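Analysis of the macromolecular model
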Amino acid sequence: MPLLRNASYLYVGTMITSLLGFAFWNVAARAFTPSDVGIASALIAGSQLVADVAILGLGTLMIAKLAEGRAGAGELLLTGTVVTVVTGLLGGVIAEVVLTTSGSRLADGLHGWAMRAVFASLASLTTAASLWDNASVGLLRGRIQLARNSVFAAAKLAVLALLVTRLPALQPGGGGLLVAWEVGMVVSLVPAARGLWAATPIRGSRVRVGSLLRDRRLVFQHHWLNLSVHAPYMLLPMIVATVVSPRANAGFYTAELLVGFVAIIPSFVSTTLFALKPGDRAALRRELRAGVGVTLAVAVAAAVGFGLAGPIALELFSAKYLFAGLAIRLLGLTVFPAGIKAFYVAVARVHGRMGRAAVRTSIAAAGEVTAAAFGGASAGLSGAVAALVGAYCIEMLILGPTVLRASRPEARGT
């Protein structure tokens, strides 16, 4: 099964980058206070949220269009890059203004114009990197994404190690973490640019925004659907840092990072399903059955593994994070429900019903965020995560039947 093999190839790259990512946050846990780690990780999640908004649905559109063939690929990639760099920068500026003027606890990490510029430019670079990663998937050139993410993980770790030993003044608010993240992002774009330049006929291409506007309805549907799925993951660290405390978010973000290392498997499998041609239901059934089977096996392993050893994994970062022991155990239960939602999105795209799916996933996103906020306000970190798990389970009951029908030969749609 070629798509499943491609997802496996991407996951190997994720294993490498995640191990380096663990090292990055391990250094952070020892060099910064939990509050500073909580603020910096929330700001990094905020820049990723801005990128999810600013990409305007072009990432998934890039996968779909490039999977159809290379005609016009260079023009599409060049135009998408220019648009996302601009929208990402604009979104970053708006976000940092909101954070610094609203009295948010996260404003402590944006002290001075230098750190504000770092945040805004990081949002722009993250938007472009996301677009290029999706282009690599559409071109079936997973090695480009692998190279970029590997270089990113190694570079940001090296920069962080240098900063904490040479420039301790950047430590208040976790500024060194943001600087290291941005430098790593810049360095990682170099091999990605070289790979995409070789893989697409970009020479002589021009920026033609009109070509994107012709697909504006499809772009909007992609954007709405993607944003409703990804936004809660980026919002949750910001919610925990604001509603509970930055210190609580340090433990939560670390727990989310550890569980995410496992949860990324169904996410990759579902993402590669986007490369299926719309309406190809036979291929969808075949790939979907395999993907759901893999997800179920991974979910069982995650529930047992994090249930037994979650606190031990947290302690590897810092004993100061052990207060999040219950949180990581609960998060280990979310792998299968989150995977079902990811497959639901893939089914909707292949069946051409993204608008209907976007409504449902938007309601689900609102439920996740609201549940976490209320749970955190009433019972702290454990309450936030417990409420989140409940929201995930309700989503699975609502979206699961669609995935089940699509995996059967008699499937008729979303």
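About the criteria used
- Residues numbered from 1 in each chain as written.
- Predicted model: local features only at pLDDT ≥ 70, side-chain atom pairs only at ≥ 80, totals over all residues.
- Heavy atoms only, no water.
- Salt bridge = Lys/Arg side-chain N within 4 Å of Asp/Glu carboxyl O.
- Helix = DSSP H or I, 4+ residues; strand = E, 2+ residues; numbered from the N terminus.
- Buried < 20%, exposed > 50% of the residue type's maximum accessible area, 1.4 Å probe, protein only.
- Phe/Tyr/Trp six-rings, centres within 6.5 Å; stacked < 30°, edge-to-face > 60°.
- Contact = heavy atoms within 4.5 Å.
- Axes fitted to C-alpha atoms, helices over the stretch in contact; angles between N-to-C directions.
- Left-handed = near helix turned anticlockwise from the far one by under 90°.
- pLDDT = per-residue confidence, 0-100.

Let us look at the pattern of salt bridges. Tallying each qualifying case throughout the model produces three salt bridges. Asp133 serves as the salt-bridge partner of Arg148, at 2.9 Å between the closest nitrogen and oxygen. Here the residue Arg148 occupies a position in helix H6 (residues 142–166), and Asp133 occupies one in helix H5 (residues 112–138), the gap between them amounting to 15 residues. The buried category is assigned to Arg148, whose relative accessible area is 4%. Via salt bridges that share partners, Lys341, Glu368 and Glu395 belong to a single interconnected network.

On to the packing of aromatic side chains, then. Ring pairs (aromatic) are described by centroid distance and by the angle formed between their planes. Throughout the structure, instances matching the rule amount to seven aromatic pairs. The interplanar angle of 85 degrees and the centroid separation of 6.1 Å between the aromatic rings of Phe22 and Phe317 together place this pair among those described as edge-to-face. Here Phe22, found in helix H1 (residues 2–31), pairs with Phe317, found in helix H11 (residues 281–317); they are 295 residues apart in sequence, far enough to count as distant. Just as Phe22 is buried, Phe317 falls in that class too. A centroid spacing of 5.5 Å and a plane angle of 75 degrees characterise the contact between Phe24 and Trp181, whose relative ring orientation is edge-to-face. Of the two residues, Phe24 sits in helix H1 while Trp181 sits in helix H7 (residues 175–199), which places them 157 residues apart along the sequence.

Here Leu110 lies in the loop between helix H4 (73–101) and H5. Sequence separation between Leu110 and Gly174 is 64 residues, and the spatial gap between their C-alpha atoms is 9.4 Å. Beyond its immediate stretch of four places on either side in the chain, Leu110 contacts Leu43, Glu96, Leu99, Thr100, Met115, Arg116 and Phe119.

Moving on, we get to the packing of H5 against H7. Interaxial distance between H5 and H7 falls to 9 Å at its minimum, and their mutual angle equals 30 degrees. Note on packing geometry: the crossing formed by H5 with H7 is left-handed. On H7, the residues touching Met115, Val118, Ser121, Leu122, Leu125, Thr126, Ala129, Trp132, Ala135 and Ser136 of H5 are Gly175, Leu178, Val179, Trp181, Glu182, Met185, Val186, Leu189, Ala192, Ala193 and Leu196.

Another aspect to go through is the confidence of the model for the protein. Residues shown with low pLDDT carry predicted positions that ought not to be read at fine detail. Per-residue pLDDT for the protein has a mean of 86; in total, 87% of the residues score no lower than 70. Of all helices and strands in the protein, the one with the weakest mean pLDDT is helix H8 (residues 209–213) (67), whereas helix H12 (residues 325–331) scores best (96).

Okay, the packing of helix H2 (residues 34–54) against H7 next. Remark: H2 packs on H7, axes separated minimally by 8 Å, with the N-to-C direction vectors making an angle of 35 degrees. As H2 packs across H7, the resulting crossing turns out to be right-handed. Along the contact surface, H2 presents Val37, Ala40, Leu43, Ile44 and Gln48, while H7 presents Leu177, Leu178 and Trp181.

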